[in-house]
Amino acid sequence: MEGSTFLQAISLSKTYLGVINSGVKNINLTIQKGKITAIIGESGSGKSTLIKLLYGLLSPDDGKVYFENERVWGPEIKLIPGHDSMKMVTQNNDDLNLFAKVWENVAALLPSNNLMAKNEKTETILKQLKMYHLAQKKVVELSGGEKQRLAIARALITNPKVLLLDEPFNQVDTSFREGLQEDIRDIVKQTGLTVIMVSHNPSEVLSMADELLVLKDGQIIEFGRPKALYHNPSNLYTAQLLTNANSLNKIEAENCGIKTKKDLLLIYPEWIKISRSKTNKDWQIKQVLFKGCYEDLLIEKNGLVLRLLNEKFEKYVEGDKISIKIKKSIGF
Ligand code: ADP
Ligand code: MG
């Protein structure tokens, strides 16, 4: 369908009855087919409301959602809420049959008129989600992360065109989460699936998303590629969602040798370079924080503390005098 729009929201607004400043306001948005779009924003910014409106689980007060040029209707019009070509996975997988096996939980969603096709499809999806070895286990015996994988397998078994994920990885350990993120990216590449995910985990959205949408107080304040938003955020809010940057007021900026007219400067940890050069050793290492494949250094000068990223392990120890160069900063 070259030239036509895949999934689109036009002037979408929804306020929860009797609660001012709830829900979302005037959302205009185009979701690209075959891409992963991530919605980020602080708690209460409207992420879940927006994803439910796109799916048709909620009806907007104003505005429309179109999927492949047809209206997506909410629960007031549609008896079984949720668009038939989309599937949503959230944190609560309450539709899993806990006492049935993994295999049955997936296969049960397919028609029984062609048993061979049913078995093949179930096997394929379990393999794709690296769950085939768990096929004969009961759901009660699975870990939280495995249950999340199963929920995604169930969502994908009926070949939806869009998979909506509302913070489904929150309760999952980091190592497990990363594996699942890679598998979802693989499935997107192999099948052309479109994914819309809500997350407030910066590393998750930066590595997974093709497009990022930033919500604040129910409105979209920024939209773009993760790299662009990370390196050049237009809003302090976006930067603070995506980074653990140093924020400096004017006086603190001057203390670092930067003159600015802006009220606030952000300096990312990786933009600060340190050395032991003989002159200007006016900063001191306060703490060395081991982070696995790098160190965070907390350095101090006249009471101002900055965080920087150091890849040269054990080169610096607490108390060392050093000088710094700030390569970049962003003003707001
Ligand atoms: P997020 O998912 O980003 O945390 P939500 O979409 O759940 O945000 O909520 C957006 C705003 O709408 C919040 O202020 C929230 O309190 C309010 N809200 C969400 N659901 C309801 C509801 N069912 N009734 C009243 N207010 C709600
Ligand atoms: Mg939410």
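Everything numeric here is computed off the predicted structure, so don't read it as measured data.

Below, the discussion takes up the packing of helix H4 (residues 144–156) against helix H5 (residues 174–191). In contact at an axis separation of 10 Å, H4 and H5 are set at 15 degrees when each is read in the N-to-C sense. One element, H4, and the other, H5, form an angle in the roughly parallel class. Our pair here, H4 against H5, has a crossing hand that is right-handed. For the pair H4 and H5, contact is made by Gly145, Glu146, Arg149, Ile152 and Leu156 and by Phe176, Gly179, Leu180, Asp183, Ile184 and Ile187, respectively.

Time to look at the sheet that holds strand S5 (residues 70–71). The strand order S2-S1-S4-S5 describes an open sheet built from 4 strands, whose pairing is antiparallel. Strand pairing shows two members of the sheet lacking a second neighbour, strand S2 (24–31) and S5, which therefore form its edges. The sheet contact formed by strand S4 (residues 62–67) and S5 spans 2 bridges and is antiparallel. When the sheet's bridge partners are listed, Tyr66 is paired in S5 with Arg71.

Another aspect to go through is the site of ligand 1. Around ligand 1 lies a shell formed by Tyr16, Val19, Ser22, Gly23, Glu42, Ser43, Gly44, Ser45, Gly46, Lys47, Ser48 and Thr49. Within the side chain of Thr49, one N or O atom sits 2.5 Å away from an oxygen atom of ligand 1. In isolation ligand 1 offers 560 Å² of accessible surface; the protein chains occlude 62% of this area. For the shell around ligand 1, the per-class residue count stands at 2 nonpolar, 8 polar and 2 charged.

Right, let's get into the domain arrangement of the protein. Taken domain by domain, the protein consists of domain 1 (7–241) and domain 2 (244–331). The C-alpha-based centres of domain 1 and domain 2 are spaced at 38 Å. Taken together, the 6 residues of domain 1 in the interface contact 7 residues of domain 2. Considering only the side of domain 1, the residues that lose the most area to domain 2 are Tyr230, His231 and Leu236, jointly responsible for 60% of the buried surface there. For the pair domain 1 and domain 2, the interface holds 0 salt bridges. Those elements giving two or more residues to the side of domain 1 that touches domain 2 turn out to be helix H7 (226–231) and helix H8 (236–242). For the side of domain 1 that touches domain 2, the per-class residue count stands at 4 nonpolar, 2 polar and no charged.

Quick look at H4 now. End to end, H4 covers 19 Å across 13 residues, agreeing with the expected 18 Å (1.5 Å per residue, within 8%). Summarising burial for H4: 11 of the 13 residues are buried, a large majority. Among the residues of H4, those classed as buried are Gly145, Glu146, Gln148, Arg149, Leu150, Ala151, Ile152, Ala153, Arg154, Ala155 and Leu156.

What follows concerns the sheet that holds strand S9 (residues 211–216). Backbone-to-backbone hydrogen bonds pair the strands of a sheet. The strands run either parallel or antiparallel. Sheet architecture is open: 6 strands sit in the order S6-S7-S8-S3-S9-S10, paired in mixed fashion. Because the sheet does not close on itself, it has two edges, and the strands there are strand S6 (86–89) and strand S10 (219–224). Across the sheet, the mean angle from the axis of one strand to that of its neighbour is 15 degrees, orientation sign disregarded. Note: strand S3 (residues 36–40) against strand S8 (residues 194–198), 4 bridges, orientation parallel. Looking across to S8, one finds that Ala38 is bridged to Met197.

Cut-offs used in this document
- Residue indices begin from 1 for each chain and proceed along its sequence in written order.
- Working convention: letters from A go to chains and numbers from 1 go to ligands, in the order in which they are written.
- Owing to the predicted nature of the model, reporting of local features is limited to residues with pLDDT of at least 70; listing and counting of side-chain atom pairs is limited to 80 or more, with chain, interface and lining totals taken over all residues.
- Just so you know, side-chain values use all the structure's heavy atoms and leave hydrogens and water out.
- Angular values range over 0 to 180 degrees, each being the angle between N-to-C directions of two axes fitted as lines to C-alpha atoms, with helices fitted over their stretch in contact.
- A run of H or I in DSSP becomes a helix once it reaches four residues, and a run of E becomes a strand once it reaches two; helices and strands are each numbered from the N terminus.
- Each angle is binned into one of four classes, with values under 35 degrees roughly parallel, values over 145 roughly antiparallel, values of 65 to 115 roughly perpendicular, and all other values oblique.
- Each crossing is labelled by how the near helix is turned from the far one, with a counterclockwise turn of less than a right angle marking it left-handed and a clockwise turn marking it right-handed.
- Any two residues whose heavy atoms approach within 4.5 Å are treated as being in contact.
- A pair of strands is treated as paired once DSSP finds two or more bridges between them.
- One heavy atom within 4 Å of a molecule or strand makes the whole residue count as near it.
- What qualifies as a polar contact is a pair of N or O atoms within 3.5 Å, subject to a donor-acceptor requirement within protein and to the restriction that residues adjacent in sequence count only when both atoms come from side chains.
- Areas reported as accessible are Shrake-Rupley estimates using a 1.4 Å probe. Residue values count occlusion only from the protein chains shown.
- Ten residues, namely Ala, Val, Leu, Ile, Met, Phe, Trp, Tyr, Cys and Pro, are considered nonpolar, four, namely Asp, Glu, Lys and Arg, are considered charged, and the remaining ones, Gly among them, are considered polar.
- Boundaries of every domain are those given by an automatic assignment or by a domain database.
- Summed over both partners, the accessible area (1.4 Å probe) lost when two parts come together is defined as the buried area.
- Here, a salt bridge means any Lys or Arg side-chain nitrogen found within 4 Å of an Asp or Glu carboxyl oxygen.
- Expected helix span is taken as 1.5 Å per residue step, with the number of steps being one fewer than the number of residues.
- Here the term buried applies to any residue with accessible area under 20% of the maximum for its type, exposed to any over 50%, and partly exposed to those in between, with areas from a 1.4 Å probe on protein chains only.

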